Amino acid sequence: MTMEYDNFFHYSSRLLMAEVLGDVYVEMSKLESAKSRFMFTRDLLHKHKMLIPTLDIDIEYDHPIMSTSLRQNGNVLFNAKFYAEAAKIYTKSLTGSHPSTEYYALALANRSAAYFHMGKYELCLKDVRFAMCSNYPSKLAYKLYERAGHAERKLDLVERAKESYAMCLTRLDEAEMSAENKRKFRAAVEIAVSECEELLTAERKRTTKTHRAEHLVGGRNENIPALSAFVELKMSEDMGRGVYATRDINPGDVVAIDEPYIGGPIRDVCHYNGCLKLEIAPFCCPKCLLVYYCNKDCMDKDYKDGHHLECPIIYFIQSTPGNPRMNELAMKWFLIDYLKMGLKKYCLIVDNFSESKIDPMTRGFDEIGQYKSDNFLTAYSLDNSENKMSIEVLFFFNCIAVDMLHYLILSGFKIPNLYMASVGASLVHILTVLDLNCRKLNINAPSVSFRRDHQLTLTSALTLYPTISLFNHSCDPNIKRSGEISDRIRVMKAIQPIPKGTQLCCTYGIIFTRHDKESRQKLCNDRFYFKCYCQPCIKNWPTFNSITYHLYALNILNPSMADIVSSECLKFLEFTKSVDSKDHCQHLIYLYSFIKLLYTNVKRPFGLYEECLEMISNAHSLSTNAISVCEHP
């Protein structure tokens with residue numbers, strides 16, 4: 001478990017060398033409140049001089065003459081069309097160069113040109129964006145925007161290409177060229193703009209015919225608006241609070257449409273919490289150069305939402321042990337709510353929460369009985385692992401929170417001593433909420449394809465969805481994320497029949513077809529601190545490679561349906577041979593009917609059932625339906 005965190009022994013090794021680590025764990029285990037544990041840890045790190053004294057970073061930069069010489073050497077290779085070699089030389093020119101200098105910006109721009117000719121359009125765009133944010137000469141800026149437009153067209157980002165060309169024409173007035181050359185250049189770019197508009201018109205005609213709105217089956221739930229009206233919360237002895245069907249739910253039915261309370265990018269995702277759009281080569285913050293945005297509007301909004309406080313310390317947050325992206329998300333969460341509430345109100349709310357005894361069944365509901373994902377206490381009151389962690393892990397999280405708060409104070413953020421313990425304890429709590437819940441939902445995190453001709457299934461963001469967090473885990477999930485989600489909204493659909501009274505469960509990335517029972521139970525215990533009681537675990541179902549496909553081995557639950565089931569299984573086998581996986585989404589009605597037939601009449605596990613289930617899951621993830629929340633299906 002500890003090895004899942006970066007540099008887990010960063011703090012404990014220093015204390016071990018000082019021969020005090022054992023005493024630290026003993027003393028900390030005696031402390032009963034989160035505030036006392038945080039202040040104990042803070043005093044300890046101060047005492048042993050384990051906190052950095054300043055945010056200043058001493059970095060020696062190469063001399064401009066060397067950088068310029070390397071760039072000129074790269075230009076020679078570029079002009080000879082040795083683009084890969086030129087890119088390497090431009091990279092050397094950048095190494096150690098100060099990002100605020102003109103020669104740094106020129107090397108970036110030149111490398112972007114090399115990448116473009118190499119066909120590496122994403123890398124080209126990234127360098128262009130960095131150069132735009134740096135000290136690139138205004139008289140040459142039109143070149144960057146033209147190149148951005150060309151690269152975006154190659155990546156099928158036509159709307160963005162049109163915007164880049166428009167900016168190119170605006171900046172052309174600053175160019176140092178003859179009036180005739182400007183006229184020719186302008187004419188060529190205007191042709192490119194017209195071609196973009198034609199492509200966009202054709203795209204609009206094509207997409208307006210294919211989009212279909214998603215609706216919560218039965219409409220909104222009265223008390224939990226992001227859930228279907230056909231479900232309710234109930235308690236169970238083995239699994240605690242969970243979501244249960246109040247009516248039969250069919251495969252394909254939408255059971256949840258949720259938005260994240262907080263989210264942070266892993267890859268090229270807009271950093272603004274109100275967007276989180278996945279982009280190729282987004283704009284970077286011109287000050288820290290470490291967070292990215294899809295446009296300047298999102299950059300400005302995020303700056304007001306807290307990045308102006310986060311920006312000076314983001315490098316240190318990302319360098320802190322643990323999970324750097326989770327640490328960054330925790331700081332972002334705190335700053336957003338601090339700015340909304342003010343320090344006094346924020347501390348009052350978190351202190352009241354920590355001191356109150358809350359009914360597990362109503363945890364997260366507001367004073368009028370509503371469970372809403374945009375409510376601070378709903379997110380803050382999610383399950384966390386703090387009371388189940390070993391003392392070593394708990395101490396580690398407290399150290400991370402101490403470091404994070406220390407960076408904030410060094411940057412000029414004022415926290416009166418009266419509120420220090422409350423803020424620190426809240427940061428620990430936020431870290432543990434994210435650690436547990438982002439792990440649970442990471443398997444369903446947003447993913448998207450940049451191009452129509454290939455899919456990306458890589459996680460793009462860490463996101464906290466309070467309502468979806470209500471779903472418990474099963475190694476045989478009956479609901480799963482649907483849609484190629486390129487924004488903040490997440491849709492959960494049924495992938496199996498869910499009879500009335502059955503619990504709705506997603507997966508935390510642990511599936512019986514891929515993991516044996518022993519490894520599943522270990523993962524559930526080590527990562528999520530619970531024992532799984534799903535049917536595959538109770539009955540020790542075999543993994544996929546050991547499940548029979550043979551029709552003679554069918555265990556028919558209803559003998560009168562034997563002939564029909566056998567006949568439909570033969571048809572399904574033919575279907576699997578004749579239909580490509582990318583086309584499964586066009587055959588969902590058939591897949592739903594087949595899995596409903598097997599669900600009612602065949603004892604699991606059975607190979608064709610599991611294969612059909614996989615097809616439905618994949619088809620849902622390939623769908624590109626528009627999303628809307630309606631009161632009626």
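Residues numbered from 1 in each chain as written. Predicted model: local features only at pLDDT ≥ 70, side-chain atom pairs only at ≥ 80, totals over all residues. Heavy atoms only, no water.

Looking now at the overall build of the protein. Along the protein, the regular secondary structure elements total 22 helices and 11 strands. Intrachain contacts of the protein at a sequence separation of at least 6 include 70% that bridge at least 24 residues. Counting every atom, the protein has about 29,900 Å² of accessible surface; 52% of that belongs to carbon and sulfur. (Helix = DSSP H or I, 4+ residues; strand = E, 2+ residues; numbered from the N terminus. Contact = heavy atoms within 4.5 Å. Areas by Shrake-Rupley, 256 points an atom, 1.4 Å probe, with all protein chains shown as cover.)

With that out of the way, let us pick up the packing of helix α20 (residues 562-578) against helix α21 (residues 588-601). The interhelical angle for the contact between α20 and α21, taken along N-to-C directions, is 140°, at an axis separation of 11 Å. For the pair α20 and α21, the crossing hand works out as left-handed. The segment α20 lies against α21, with Val565, Glu568, Cys569, Lys571, Phe572 and Phe575 engaging Tyr590, Leu591, Phe594, Leu597, Leu598 and Asn601. Of the residues contributing to the contact of α20 with α21, the split by class is 9 nonpolar, 1 polar and 2 charged. (Axes fitted to C-alpha atoms, helices over the stretch in contact; angles between N-to-C directions. Left-handed = near helix turned anticlockwise from the far one by under 90°. Nonpolar A, V, L, I, M, F, W, Y, C, P; charged D, E, K, R; others polar.)

Attention shifts here to the sheet that holds strand β2 (residues 240-245). Spatially, the 4 strands line up as an open sheet ordered β1-β2-β11-β8, and their pairing is mixed. Each edge of the open sheet is held by one strand with a lone partner, namely β1 (231-236) and β8 (472-473). (Pairing = 2+ DSSP bridges.)

Now for helix α4 (residues 64-79). Taking 1.5 Å per residue, 16 residues should reach 22 Å; α4 reaches 22 Å between its end C-alpha atoms and fits that length. Those residues of α4 not exposed but buried are Ser67, Leu70, Arg71 and Gly74. Taken down its axis, α4 places every buried residue within 100° of arc, on the same side. Of the residues in α4, the exposed ones pointing more than 90 degrees away from the buried face are Ile65, Val76 and Asn79. Residues of α4 that are buried in the fold lie against α5 (83-94) and α6 (102-118). In the segment just after α4, Lys81 is the residue with positive phi, at about 70°. (Expected span 1.5 Å × (residues − 1). Buried < 20%, exposed > 50% of the residue type's maximum accessible area, 1.4 Å probe, protein only. Arc of directions from axis to C-beta.)

This part takes up helix α14 (residues 343-355). With 13 residues, α14 extends 18 Å from end C-alpha to end C-alpha; this agrees with the ideal 18 Å at 1.5 Å per step. The set of residues buried in α14 consists of Leu343, Tyr346, Cys347, Val350, Asp351 and Phe353. With its buried residues spanning 160° around the axis, α14 presents them on a single face. Facing away from the buried side of α14 by more than 90 degrees, the exposed set consists of Lys344, Leu348 and Glu355.

What follows deals with unusual backbone geometry. Here Arg604 and Pro605 are connected by a cis peptide whose omega angle stands at 0°. Looking at the element boundaries, Pro605 is found in the loop between α21 and α22 (607-622). Its identity as a non-glycine residue notwithstanding, Asn7 has a phi of 50°, on the positive side. Positive phi, close to 55°, is recorded for Asn540, a residue that is not glycine. Tracing the backbone shows Asn540 in the loop between α19 (535-538) and α20.

Pairing between β1 and β2: 6 bridges, direction antiparallel. Bridged to Glu232 within β2 is Tyr244. Here β1 folds back onto β2, and the loop between the two strands holds 3 residues.

Below, the discussion takes up the layout of surface pockets. In this structure, the second largest pocket occupies an estimated 1,300 Å³ of space. If you go around the second largest pocket, you meet 47 residues; those closest to its centre are Arg363, Leu382, Asp383, Asn384 and Asn387. Contributing elements (two or more residues each) for the lining of the second largest pocket: α3 (34-47), β2, α14, α17 (417-441) and β8. Sort the elements by how many residues they give to the lining of the second largest pocket and α17 lands first, with 7 residues. Among the residues forming the lining of the second largest pocket, the class breakdown is 19 nonpolar, 15 polar and 13 charged. (1 Å grid on protein atoms, 1.4 Å probe; cavity = no way out; pocket = protein on both sides within 12 Å on 5 of 7 lines; lining within 4 Å. Points joined across faces, edges and corners; volume = space filled by probe spheres on them.)

Applying the stated criterion across every chain yields a total of 31 aromatic pairs. Ring centres of Tyr25 and Phe395 lie 5.9 Å apart, and the angle between their planes is 80°; on these two criteria the pair is classed as edge-to-face. Pair noted here: Tyr25 is in helix α2 (residues 21-30) and Phe395 is in helix α16 (residues 391-410), with a separation of 370 residues, a long-range link. The two residues Tyr25 and Phe395 agree in class, both being buried. Consider the rings of Phe130 and Tyr292, whose centres lie 6.2 Å apart with planes at 85°: the pair is edge-to-face. Here Tyr292 lies in strand β6 (residues 292-293) and Phe130 lies in helix α7 (residues 121-133), a separation of 162 residues in the sequence. Residue class for Tyr292 comes out partly exposed when judged on its relative accessible area of 23%. These aromatic residues form a ring-pair network of at least three members: Phe334, Tyr338, Tyr346, Phe353, Phe376, Tyr380 and Phe413. (Phe/Tyr/Trp six-rings, centres within 6.5 Å; stacked < 30°, edge-to-face > 60°.)

The side chains of a regular strand alternate, first on one face of the sheet and then on the other. Along strand β11 (residues 503-506), one buried face is formed by Gln503 and Cys505 and the opposite face, lined by Leu504 and Cys506, is buried too. In this structure, β2 lies alongside β11, joined through 2 bridges in antiparallel fashion. When the bridges of β11 are listed, Tyr244 appears paired with Gln503. Relative to β11, β8 is paired through 2 bridges, and the arrangement is parallel. In the sheet register, Asn472 faces β11, and the bridge partner there is Cys505.

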